[in-house]
Amino acid sequence: MKTKLTFFFLLLCFIVNAQSPQVQELGKLYMSGEYDQAIKKANEYLKSDPENLDYKLILGRALTDIGKYKEAMPHLQFAVDRDNSWRKAWGLSYLGICNYMLSDFEKSESALQSCINLNATKNATNFAAARIGIFGYDSFYSNWTIIESENIRFHFQNMNEQQMKLYVESRESAFEEINTFFESSLPKKIDFFVWDSRDDAKRILHADLGFSRPSYCIIHSYFQQTKGHELTHVLSHYTSAISEKTRFINEGAAVCFDLEQSNHYKLNKVKDWIRKNDTQIEIKDIWINGGEYAEEIVYPLSGLFVQELIAQFGKEKFLEFFANQTYENAQLVYGMELSMFIKEFENKINT
C-alpha cells in the first residue's frame, strides 16, 4: 500500500510540473508498474531531448525497479546534479537503493541522508527515512554485531558469541536447503537483521516483526522465529520473473519451507480452526479472497496446500505456476487435474 501511495504522489508531481504530455504519459506508465514500457518510451523521448530531467528521472527509477542498478545510476545522477527540488530528492533516494543493492553501503547511506537533509518533498523524505531504517543505517544499529557468511550478512542486536555462531550456521544451512528447490540467484547477499526486542523494532521500523523485503534481499526477524520462512520469501522472489503474487500461495511457500512445522502439525491446526469456527474451507475462496482470512488459518492451510501441491505435481510444474500465483493461472498450468486435487484436499481438511 505504501509503495502505491508513493507512486500516486510521484505521479501528482509529474502532472503538476509536467512540461509536456510525454512526461504525463511516462508518469502514468511508471505508476501502473509498466516499467519496460516506461523505459522504452523514455529512451525514445531522450533521443530528441537528451537533457530532459523528467525523462531521466523516470528512466532511472524504472531501471532501478527492474533491478538494473548500474544502468540506472547515471540517469539518476544526471537529475540529481541538475536539480534542487523534488527531482533531486527522488533521484537521491533511488541512488540510495542502487548503491545498497550493489553493496556500496557508505554511498547508499549518504544518498539517502542527503535526500532527507534536502527535505524537498514530504513523500521523498519519508521514503528515504524508511530505507535508512530497514537498510540498517539508523544510529540505533551502531552497537550491533555484523557477521558475514557465504550467503548472508547477519546483524545481531544482542547475542553472545556462541549464540551467533549457532544462528549463522542454522540459517546458512536453511538457505542452502531451501535454494536446492528454488535455485535462485540473488543480486546481493541477504542482510539478515536479528532483533532481541520487538518493541525496539517497532520503534525503528514502524512495523511488527518478522518480515522481509525480498526485492532488497532484506530480512528483519525476531531471534526466535522459524529458520526458513523469511528466507523462502527472499529466495522464491528471485526464482523467476514473478508477475503476480497471491497471499495464499506466497505465504504458503514460506510456511512449506519454514523447516520447522510438520505436515501433521499444520493439518491439526487447520482442523482445530474449522471445528472452532464451525465452518468449511473452500480453497478457491481463500485463494482469491485471502485478505479476508486471519493468519491463524491462512498460514497452516496455505503451507499444507503448497506442500501437497508440490508432492502431487512436482517441482517443475510448481515453479512454472509460481511466476503467476493466481487461481486462474493455476488452472492453466495444472489443467483439469487441479479441480480434483482441490476437492480431495478439501475433503481431507473438512472431515
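Whatever comes next refers back to the structure up there.
K.L.:
Is there a simple way to think about the overall build of the protein chain in this case?
P.N.:
Helix and strand counts for the protein chain come out as 18 helices and 5 strands. The C-alpha atoms of the protein chain give a radius of gyration of 22 Å, which matches the 20 Å a tight globule of 351 residues would have. With respect to the three principal axes, the spread of C-alpha positions in the protein chain is 65 × 50 × 35 Å. A buried classification covers 53% of the 351 residues belonging to the protein chain. Within the protein chain, contacts between residues at least 6 apart in sequence are counted, and of these 64% link residues at least 24 apart. Carbon and sulfur atoms make up 47% of the accessible area of the protein chain, which totals about 17100 Å².

K.L.:
It is not clear to me how the packing of aromatic side chains should be interpreted in this structure. Could you clarify?
P.N.:
Two descriptors summarise a pair of aromatic rings, namely the distance from one centre to the other and the angle between the planes of the rings. Taken as a whole and judged by the stated rule, the model has 41 aromatic pairs. Between Phe318 and Phe321 the ring centres are 6.0 Å apart and the planes differ by 65 degrees, which places this aromatic pair in the edge-to-face class. Of the two residues, Phe318 and Phe321 both sit in helix H16 (residues 315-322), 3 residues apart, roughly one turn of that helix. When the ring of Phe318 is compared with that of Phe322, the centres are 5.4 Å apart and the planes differ by 35 degrees; the resulting orientation is tilted. A residue pair is termed a helical-turn pair when its members lie 3 or 4 positions apart in one helix, as Phe318 and Phe322 do in helix H16 at 4 residues. With relative accessibility at 0%, the residue Phe318 sits in the buried group. Given a relative accessible area of 0%, Phe322 falls into the buried group. Above the plane of the ring of Phe105 lies Arg153, whose end atom (NZ or CZ) is 4.1 Å from the centre. Above the ring of Tyr222, the side-chain terminus of Arg198 is found at 4.2 Å from the ring centroid.

K.L.:
Before we go on, may I ask you to explain the sheet that holds strand E2 (residues 152-156) in this structure?
P.N.:
Sheets are built from strands paired through backbone hydrogen bonds, the pairs being either parallel or antiparallel. Spatially, the 5 strands line up as an open sheet ordered E1-E2-E3-E5-E4, and their pairing is mixed. Lying at the two open borders of the sheet, with one neighbouring strand each, are strand E1 (145-148) and strand E4 (211-213). With direction set aside, neighbouring strand axes in the sheet form an average angle of 15 degrees. Strand direction decides the pairing type here: strand E3 (residues 190-195) and strand E5 (residues 218-222), joined by 5 bridges, are parallel.

K.L.:
Just to check I follow, could you spell out unusual backbone geometry for this structure?
P.N.:
Peptide bonds are, in most cases, trans, and in most cases residues other than glycine have a negative phi. With omega at -10 degrees, the peptide bond leading from Leu209 into Gly210 counts as cis. Assignment of secondary structure puts Gly210 in the loop between helix H10 (198-205) and E4. You will see that Ser103, though not glycine, has its phi angle at about 65 degrees, which is positive. Considering the arrangement of structural elements, one finds Ser103 in the loop between helix H6 (86-101) and helix H7 (105-118). A positive phi angle is found at Glu183, which is not glycine, with a value near 50 degrees.

K.L.:
Help me understand the packing of helix H5 (residues 69-82) against H6 in this model?
P.N.:
Axis angle and axis distance: for two packed helices, these are the angle between their axes and the distance between the axes, and together they describe the pair. Relative orientation of the contacting elements H5 and H6 amounts to 155 degrees, with a least axis distance of 9 Å. With respect to their mutual orientation, H5 and H6 come out roughly antiparallel. The handedness of the crossing between H5 and H6 is left-handed. Note on element contacts: H6 touches H5 through Lys88, Gly91, Leu92, Tyr94, Leu95, Cys98, Asn99 and Met101, opposite Tyr69, Ala72, Met73, Leu76, Gln77 and Val80.

K.L.:
When you look at the layout of surface pockets in this model, what are you seeing that I'm missing?
P.N.:
Estimates place the volume of the second largest pocket at around 200 Å³. The wall of the second largest pocket is formed by Tyr100, Phe105, Phe135, Gly136, Tyr137, Tyr141, Ser142, Trp144, Ile146, Arg153, His155 and Asp191. A per-class count over the lining of the second largest pocket returns 7 nonpolar, 3 polar and 2 charged.

K.L.:
Got a minute to help me understand the packing of helix H2 (residues 21-31) against helix H3 (residues 35-48) in this structure?
P.N.:
Where H2 meets H3, the axes come as close as 8 Å, and the angle between the chain directions of the two elements is 160 degrees. It follows from the interaxial angle that H2 and H3 lie roughly antiparallel. Viewed along their axes, H2 and H3 form a crossing whose handedness is left-handed. In this structure, H2 uses Gln22, Glu25, Leu26, Leu29 and Tyr30 to contact H3, whose residues at the interface are Tyr35, Gln37, Ala38, Lys41, Ala42 and Tyr45. Per-class residue counts for the contact of H2 with H3 are 7 nonpolar, 2 polar and 2 charged.

Reading the values: rules and limits
- Residues numbered from 1 in each chain as written.
- Predicted model: local features only at pLDDT ≥ 70, side-chain atom pairs only at ≥ 80, totals over all residues.
- Heavy atoms only, no water.
- Helix = DSSP H or I, 4+ residues; strand = E, 2+ residues; numbered from the N terminus.
- Rg over C-alpha atoms; globule rule 2.2 N^0.38 Å.
- Buried < 20%, exposed > 50% of the residue type's maximum accessible area, 1.4 Å probe, protein only.
- Contact = heavy atoms within 4.5 Å.
- Areas by Shrake-Rupley, 256 points an atom, 1.4 Å probe, with all protein chains shown as cover.
- Phe/Tyr/Trp six-rings, centres within 6.5 Å; stacked < 30°, edge-to-face > 60°.
- Lys NZ or Arg CZ within 6 Å of the ring centre and 35° of its normal.
- Pairing = 2+ DSSP bridges.
- Axes fitted to C-alpha atoms, helices over the stretch in contact; angles between N-to-C directions.
- Parallel < 35°, antiparallel > 145°, perpendicular 65-115°, else oblique.
- Left-handed = near helix turned anticlockwise from the far one by under 90°.
- 1 Å grid on protein atoms, 1.4 Å probe; cavity = no way out; pocket = protein on both sides within 12 Å on 5 of 7 lines; lining within 4 Å.
- Points joined across faces, edges and corners; volume = space filled by probe spheres on them.
- Nonpolar A, V, L, I, M, F, W, Y, C, P; charged D, E, K, R; others polar.

That is the geometry; function is a separate question.
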